[in-house]
Protein chains: 2
Amino acid sequence: MSRITCSDLSSKVVTAEQAAVHISHGDRVAMSGFTGSGYPKAVPGALASQARTEHEDGRDFAIELWTGASTAPELDGALAEADAVSKRLPFQSDPAMRKAINDGSTEYVDTHLSHSAQQAWFGFYGNLDVAVVEVAAILPNGLLVPGSSVGNSKTWLDLADKVILEVNSWHPRAYEGFHDVYYGTRRPPERLPIQLLEPMQRIGDPYLRVDPAKIVAIVETNAPDRNLPFKPADEDSTAIASHLVDFLRHEIRADRLPPELLPLQSGVGNVANAVMGNLAESEFEGLTAYTEVIQDGMLDLIDNGKLASVSATAFSLSAERAADFNENIESYKGRILLRTQEMSNHPEAIRRLGVIAINGMVEADIYGNVNSTHVMGSSIINGIGGSGDFARNAYLNFFVSNSLAKDGAISSVVPFASHIDHTEHDTQILVTEQGLADLRGLSPVARARTIIANCAHPDYRDRLGDYLDRAIAANPHGRHTPHLLGEALSWHGNFQATGRM
Amino acid sequence: MSRITCSDLSSKVVTAEQAAVHISHGDRVAMSGFTGSGYPKAVPGALASQARTEHEDGRDFAIELWTGASTAPELDGALAEADAVSKRLPFQSDPAMRKAINDGSTEYVDTHLSHSAQQAWFGFYGNLDVAVVEVAAILPNGLLVPGSSVGNSKTWLDLADKVILEVNSWHPRAYEGFHDVYYGTRRPPERLPIQLLEPMQRIGDPYLRVDPAKIVAIVETNAPDRNLPFKPADEDSTAIASHLVDFLRHEIRADRLPPELLPLQSGVGNVANAVMGNLAESEFEGLTAYTEVIQDGMLDLIDNGKLASVSATAFSLSAERAADFNENIESYKGRILLRTQEMSNHPEAIRRLGVIAINGMVEADIYGNVNSTHVMGSSIINGIGGSGDFARNAYLNFFVSNSLAKDGAISSVVPFASHIDHTEHDTQILVTEQGLADLRGLSPVARARTIIANCAHPDYRDRLGDYLDRAIAANPHGRHTPHLLGEALSWHGNFQATGRM
């Protein structure tokens with residue numbers, strides 16, 4: 001049965017190539033997609049071909065590309081490889097796009113994910129020309145059933161002058177009812193409280209809306225989401241997860257957390273999956289999650305009954321797990337809700353619900369400033385994503401990392417972070433495989449002692465302690481956050497010069 | 001007429017010295033007060049004397065001191081000079097306290113002001129032994145009329161084991177009705193939406209509550225708040241204000257702001273007053289403010305009819321203006337509301353209302369990372385205060401500074417900020433007397449070009465541009481945020497070595 005049951009719209013079905021011609025050089029184009037889920041599968045490739053042809057004919061062709069978050073090789077990769085993106089926001093993780101950004105050929109605006117939709121709506125990024133949004137189905141009344149992500153699709157459909165839809169029959173038709181699209185947003189001064197009291201509460205519609213007059217093309221596809229291979233937890237991530245979950249037990253004993261914890265948020269990656277794995281084998285019951293992304297580990301935790309429900313904005317599953325989910329989707333109804341990223345990452349919701357936030361980091365300095373985004377100060381890896389939205393507004397926040405990188409050549413605890421995404425005012429608990437540093441209520445020097453003793457790798461511990469001691473000695477009137485500024489970034493300089501910090 | 005009309009409590013009136021003996025070495029003591037308003041005037045001095053006596057007798061005596069924000073010489077100053085504070089949070093601006101912190105003798109925990117009350121309630125700082133809270137009156141039913149600030153007093157009264165009240169008849173008795181103390185706060189998972197839709201909306205009670213059984217002493221005083229002299233706007237602050245207000249006009253023309261703007265927040269200081277002065281002479285009408293502190297300039301703006309109303313948590317007035325306000329307080333009723341700092345600085349309220357946030361900075365780096373707190377990386381000045389609460393959640397945020405300090409020896413635009421309180425993801429618009437840099441929607445390198453061209457002083461502009469150009473050249477695969485890490489902090493090193501950047 002066709003996924004397009006709206007007769008007025010059936011006539012707009014075209015090929016991806018025909019759809020792509022609606023996009024012109026210089027356009028601002030917003031596409032659906034969040035961590036490799038729910039991004040358009042066909043039009044980006046056709047657009048990349050169009051760009052190559054234009055370039056071969058000696059004409060400029062580049063767009064500004066907005067999305068929910070990271071997408072996949074067929075979108076970010078294809079357009080970056082075609083040199084077709086002049087500016088990118090708000091998050092990416094694609095190797096080709098990363099290269100274009102770090103080469104300086106693509107501008108990248110790395111905003112908080114909770115800010116992207118509203119700032120686009122406020123007009124801070126300019127007029128939006130075209131939206132390209134993937135959905136699972138179009139209903140007879142023109143309403144859209146989203147697929148495996150919601151992301152910024154609601155805002156892109158609202159703001160764009162022209163809309164291209166991709167209807168992807170790989171997404172189960174049974175996705176209908178898995179989404180909660182909040183249409184109560186307003187621009188100040190018209191904003192109202194968001195009446196969300198629990199992670200699974202519905203406050204919006206199960207469908208995306210679009211003005212049919214704006215739809216210029218519809219493309220039918222049947223193509224899977226990017227499906228990253230699932231890495232089983234290694235020894236370090238298992239150790240990190242164990243420190244973290246033990247600390248949650250400690251907080252319950254101290255009466256600072258209820259026995260069923262508070263809603264969990266967990267960034268993407270191996271450690272996040274390891275934490276879920278640890279919880280799956282734990283005594284915890286009745287857990288909930290209010291998060292961005294549902295990875296394999298969280299789905300396992302639902303399956304084994306520990307996790308009662310999850311609110312997120314997207315899936316990010318392995319190929320096996322995605323196939324399994326698509327087959328058994330009905331059994332997850334009422335236990336999974338996908339929201340707009342504006343709501344999944346909203347400061348108001350995160351603070352009210354008291355989320356426990358767990359996010360990865362690249363490095364932390366001894367005072368607890370965290371770098372989530374850059375290598376050696378200059379090169380971007382992915383972006384800040386929602387880590388700032390969650391860390392700032394969480395009840396508890398954790399930043400996690402191995403204590404070493406590059407076979408020990410890099411310490412993830414350094415004297416001074418080479419880029420700062422989360423400041424000392426925002427970070428609460430750091431965890432490495434070495435241990436856990438609880439920074440709450442500590443002064444900078446006390447934080448430094450704790451981080452060095454508990455989180456740094458023994459190979460770097462003495463040198464970090466020595467830096468701190470000498471910085472204290474050298475700053476008799478600057479002992480709040482003592483630094484040796486001439487040496488503060490020298491560990492990174494050492495790595496650049498010698499290959500080792 | 002006595003300000004203590006509750007007969008059950010009248011018997012608890014004692015001297016400050018008698019009250020202070022309820023505070024012991026090692027206690028956590030939370031006092032009222034916010035930017036020099038509404039802090040206890042008598043007990044801190046008596047406590048400082050008690051500490052000196054203990055020290056003279058060879059005994060340890062130090063407390064952990066919590067407040068709303070900065071206080072005054074009679075509180076922070078007296079206790080710091082008596083070496084009586086082991087730990088201080090969440091904000092201070094006192095010379096003696098600053099010295100104790102920078103000497104390493106007092107630990108300082110510089111938290112976001114919106115986090116301090118909730119984190120204390122969550123138990124992150126330990127048990128609160130004693131609260132010392134100044135009020136304007138005690139009603140027959142035991143309810144408390146606050147004075148010139150609310151700050152964290154609600155939370156301190158709720159959490160403390162023992163309570164000492166100071167009743168200060170310097171505050172007009174007519175303060176009754178000027179306050180809105182929100183008692184709807186809960187700990188997660190019991191939290192509810194804050195039903196605040198407009199800056200002046202009342203969502204709480206006009207009174208503070210306290211369990212009378214916890215009151216161990218009441219002290220009567222008649223003493224003025226700290227009254228900082230008002231500095232008339234100088235040429236630079238006038239120029240900054242002019243750039244900023246012109247930009248607001250620009251945003252109205254672009255349909256990104258309504259003609260009456262959105263609620264204003266303005267940090268403490270000369271530039272803030274200058275902005276208010278500029279608005280006072282402008283075409284704007286019907287302005288509102290949702291801010292922390294009401295300075296002279298904001299009161300002037302009310303008087304001349306431009307500013308319809310102000311929600312804040314405290315006053316911070318000159319002696320003349322405070323005397324004038326106290327005399328004419330009735331005329332401000334319904335136009336000024338003082339809230340808890342948890343509400344004045346609440347992310348939920350700030351984002352919903354769409355606040356226009358204006359805060360000072362020490363320095364910004366070329367990529368827009370802002371240092372609000374430290375000199376040369378190591379020494380704290382005051383603290384982050386509410387600048388992060390407002391900047392992160394604002395509709396528009398401005399960070400303002402002169403482009404030079406120390407007679408030109410220091411540039412407020414540097415290659416790499418020596419401490420980062422607000423990251424590139426959070427800062428939108430920088431303003432110096434040189435001009436304004438609108439960073440919204442720009443990549444880091446584009447931000448750098450704009451900041452250098454518009455905000456840096458001409459004396460440093462070429463060197464900043466040269467740093468950027470060389471950093472781009474040196475990082476062929478790191479051109480997102482290109483840095484020369486060996487040189488990034490060298491401007492601060494130059495200043496430390498030669499007295500000039």
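Residues numbered from 1 in each chain as written. Chains lettered and ligands numbered in written order. Predicted model: local features only at pLDDT ≥ 70, side-chain atom pairs only at ≥ 80, totals over all residues. Heavy atoms only, no water.

Right, let's get into the pattern of salt bridges. Residue and element names in this part refer to chain A. The full count for this structure, using the stated rule, is 54 salt bridges over all chains. Across the salt bridge formed by Asp 225 and Lys 41, the nearest N and O atoms sit 2.8 Å from each other. With a gap of 184 residues between them, Asp 225 in the loop between strand E10 (215-221) and helix H8 (235-253) and Lys 41 in the loop between strand E1 (28-31) and helix H3 (43-56) connect regions that are remote in the sequence. We classify Asp 225 as buried; its relative accessible area is 6%. Taken together, the salt bridges that share partners define one network made up of Glu 251, Arg 256, Asp 438 and Arg 440. (Salt bridge = Lys/Arg side-chain N within 4 Å of Asp/Glu carboxyl O. Helix = DSSP H or I, 4+ residues; strand = E, 2+ residues; numbered from the N terminus. Buried < 20%, exposed > 50% of the residue type's maximum accessible area, 1.4 Å probe, protein only.)

Looking now at the packing of helix H8 (residues 235-253) of chain B against helix H9 (residues 270-280) of chain B. For any two helices packed against each other, one specifies the inter-axial angle together with the distance between the axes. Residue and element names in this part refer to chain B. Between H8 and H9, whose axes approach to 8 Å, the crossing angle comes to 55°. Judged by the angle between their axes, H8 and H9 are oblique. In this structure, H8 crosses over H9, and the sense of that crossing is right-handed. Of the residues in H9, those in contact with Ser 237, Thr 238, Ile 240, Ala 241, Ser 242, Leu 244 and Val 245 of H8 are Asn 270, Val 271, Ala 274, Val 275, Asn 278 and Leu 279. Residue classes in the contact of H8 with H9 are distributed as eight nonpolar, five polar and no charged. (Axes fitted to C-alpha atoms, helices over the stretch in contact; angles between N-to-C directions. Parallel < 35°, antiparallel > 145°, perpendicular 65-115°, else oblique. Left-handed = near helix turned anticlockwise from the far one by under 90°. Contact = heavy atoms within 4.5 Å. Nonpolar A, V, L, I, M, F, W, Y, C, P; charged D, E, K, R; others polar.)

On to the relation of the copies chain B and chain A, then. The two copies are related by a screw operation: chain B maps onto chain A through 180° of rotation and 0.0 Å of translation along the axis, at an RMSD of 0.0 Å. In short, the pair behaves as if placed about a two-fold rotation axis. It is Glu 348 of chain B whose C-alpha, among those of chain B, lies nearest the rotation axis, at 2.4 Å. Interface residue correspondence from chain B to chain A reaches 100%, placing this contact among same-surface, isologous pairings. (Least-squares fit on C-alpha atoms with pLDDT ≥ 70 in both.)

Further remarks concern the environment of Gly 297 of chain B. Looking at where Gly 297 of chain B falls in the secondary structure, it is placed in helix H10 (residues 296-303). Among residues more than four places away in sequence, those in contact with Gly 297 of chain B are Asn 273 and Met 276 of chain B.

A separate point is the side chain of Ser 378 of chain B. Within the secondary structure, Ser 378 of chain B sits in the loop between strand E20 (374-375) and strand E21 (379-380). A relative accessible area of 1% places Ser 378 of chain B in the buried class. Setting aside residues up to four positions removed in sequence, Ser 378 of chain B forms contacts with Asn 475, Gly 478, His 480, Thr 481, Pro 482 and His 483 of chain A together with Asn 102 of chain B.

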